[in-house]
Amino acid sequence: MKIGIKKNTRIFIIEGIAGSGKNTLHDNLKNQLKNKLIYDFSEEALLYSWKHAWIKGIDDIRLRFMNNLLDYCKNILKHNKNAVFIFNRFHISLYVLSLGMGKEVS
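Residues numbered from 1 in each chain as written. Predicted model: local features only at pLDDT ≥ 70, side-chain atom pairs only at ≥ 80, totals over all residues. Heavy atoms only, no water.

A. Broad picture of the overall build of the protein chain. Each helix and strand in the protein chain was counted, giving 3 helices and 3 strands. For the protein chain, the succession of helices and strands along the chain, N to C, is β-α-β-α-β-α. Working note: accessible area of the protein chain is about 7,400 Å², and carbon and sulfur atoms make up 57% of it. (Helix = DSSP H or I, 4+ residues; strand = E, 2+ residues; numbered from the N terminus. Areas by Shrake-Rupley, 256 points an atom, 1.4 Å probe, with all protein chains shown as cover.)

Set out below in structure tokens:
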């Protein structure tokens, strides 16, 4: 499947309900972007696996990690015009939820 990608797109965030085709889209993106330097992060790599849910303080760890990861992305994208990031199940909703809970995310 050919995906219409704008030329300057450098960050891809894949979200969706179970069975919606996230992994299929992810695989197609990687195939279509094979001439790029791909930084690929899965749900588990971002500490969002259900396996992490039981760790005390995981929400704070996730938020700190996400802020550090976004700084890392910014640095890579600034210095390498051929780099792209793919986040499969990025969970932006956690950020929105944290705002509603009164937690400040910097």
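B. Structural view of the side chain of K22. Following the sequence through the fold, K22 ends up in helix α1 (residues 22–32). Within the buried core, K22 has no salt-bridge partner, and the shortest N-O distance to an opposite charge, that of E15, equals 6.8 Å. (Buried < 20%, exposed > 50% of the residue type's maximum accessible area, 1.4 Å probe, protein only. Lys, Arg positive; Asp, Glu negative; His and termini not counted. Salt bridge = Lys/Arg side-chain N within 4 Å of Asp/Glu carboxyl O.)

C. Main features of the environment of A53. The topology assignment puts A53 in the loop between β2 (37–41) and α2 (58–79). The exposure class assigned to A53 is partly exposed, which follows from its relative accessible area of 39%. Those residues in contact with A53 that lie beyond four places of it in its chain are I58 and R62. (Contact = heavy atoms within 4.5 Å.)

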